[in-house]
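Residue-level structural notes
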Amino acid sequence: MSLIQPGNALPPILSGGPDRPVEEAVPRRGTGPVTGSVHSWDLSTGVDGPGTRFVVFVAGCPLACLYCHNPDTLRMSNGKRATTDEVVAEAARYVQFIRASGGGFTVSGGEPMLQPDFVGEILRRCHDDLGLHTALDTSGFLGARATDTMLESVDLVLLDIKSWDRELYVRLTSRQLEPTLVFARRLAALGKEVWIRFVLVPGLTDPPENVAGVAAFTASLGNVTRVDILPFHKLGSDKWAGLGMDFTLAATPVPSAAQIAEARSVFASYGLNAV
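In this report, the structure presented in the accompanying data block is examined. (Residues numbered from 1 in each chain as written. Predicted model: local features only at pLDDT ≥ 70, side-chain atom pairs only at ≥ 80, totals over all residues. Heavy atoms only, no water.)

Turning our attention to the side chain of Thr-84. When you line up the elements, Thr-84 lands in helix H1 (residues 84-92). Setting aside anything within four residues of it in sequence, one finds Thr-84 in contact with Val-34, Phe-118, Glu-121, Ile-122 and Arg-125. (Helix = DSSP H or I, 4+ residues; strand = E, 2+ residues; numbered from the N terminus. Contact = heavy atoms within 4.5 Å.)

All right, on to unusual backbone geometry then. The omega torsion of the bond from Gly-109 to Gly-110 falls at 10°, within 30 degrees of zero and hence cis. For Ser-174, which is not glycine, the phi dihedral falls at a positive 75°. Ser-174 gets classed as buried once you look at its relative accessible area, which sits at 12%. (Buried < 20%, exposed > 50% of the residue type's maximum accessible area, 1.4 Å probe, protein only.)

For the structure shown, the criterion picks out 13 salt bridges. Between Arg-197 and Asp-48 there is a salt bridge, and its shortest N-O distance comes to 3.9 Å. With Arg-197 in strand E7 (residues 193-200) and Asp-48 in the loop between strand E1 (35-45) and strand E2 (52-58), the pair connects residues that are 149 residues apart, well separated along the chain. Accessibility classification places Arg-197 together with Asp-48 in one group, the buried group. (Salt bridge = Lys/Arg side-chain N within 4 Å of Asp/Glu carboxyl O.)

A large share of E7 lies buried, amounting to seven of its eight residues. As judged from the seven bridges shared by E7 and strand E8 (residues 224-231), these two strands associate in the parallel manner. The partner of Val-199 across the bridge, within E8, is Leu-230. Regarding the hand of the β-α-β motif, the stretch spanning E7, helix H7 (residues 208-221) and E8 is right-handed. (Pairing = 2+ DSSP bridges. Right-handed = clockwise from strand over helix to strand, strands pointing away.)

Okay, the sheet that holds E2 next. In space, the eight strands of this open sheet follow the order E3-E1-E2-E4-E5-E6-E7-E8, with mixed pairing throughout. Pairing within the sheet leaves two strands with one partner each, and these edge strands are strand E3 (80-83) and E8. Sheet twist, expressed as the average angle between the axes of neighbouring strands with direction ignored, equals 30°. Both E2 and strand E4 (residues 104-108) contribute to a ladder of five bridges, which runs parallel. Across the sheet, Phe-57 pairs through a bridge with Ser-108, a residue of E4. Here helix H9 (residues 257-269) sits on the sheet and contacts E7 and E8; the angle it forms with E8, its principal contact strand, is near 160°. (Axes fitted to C-alpha atoms, helices over the stretch in contact; angles between N-to-C directions.)

Set out below in structure tokens:
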């Protein structure tokens, strides 16, 4: 169920290069409920973790991915203020259905780590109070904000590694790759289960050496149980237009079945479960 509808008046994403400041969450004030900026929530199956998931999409992201399919989540001001009580109560409505499917709760975005207090409290309550399997969907750029205590309430991390080529990573996201790699190694040291996500974009992320670089690093971690090869698509192009933003990959083709199969075979050659 969507909390808000995107509109033409929403502000553009932050401009600037890889060293531009990170948008900060509104700090928690007083002793009342923790609040955050939420774009929407929904039920999904098979794409945000195992089984049917209750997925909360928080607003705000420090990256500016060229292929972003949810540009309406890029600013925290794009969302609506919600309390942890409201989010957990909504998830609780579906607990029996979620458990029956072997599913759980996922927080996505945007970038959840822009709002670590809010996200951490939701994950703790869904994990401990509702007894749900929990997943954190993140780029890892702000992984340092995820405390060990927060990660104790996370059963699975869905980690995006968008490119192994550093220059291409900056071009794709406007940010540096290294914080994501640091976070990935930390998750491995903690023994936290990870699914890696890699978006296959023809002419950008598909060079064999780039795919092999991501695969080799992923295989070195030892805690990755699945790799999702996500084919580039243009389903968010209307949102870009509605926000008055230029979708620069409009002429980029979607990958063919053969290209997707080839990328999967590269990951599989490193002993990884690529789907």
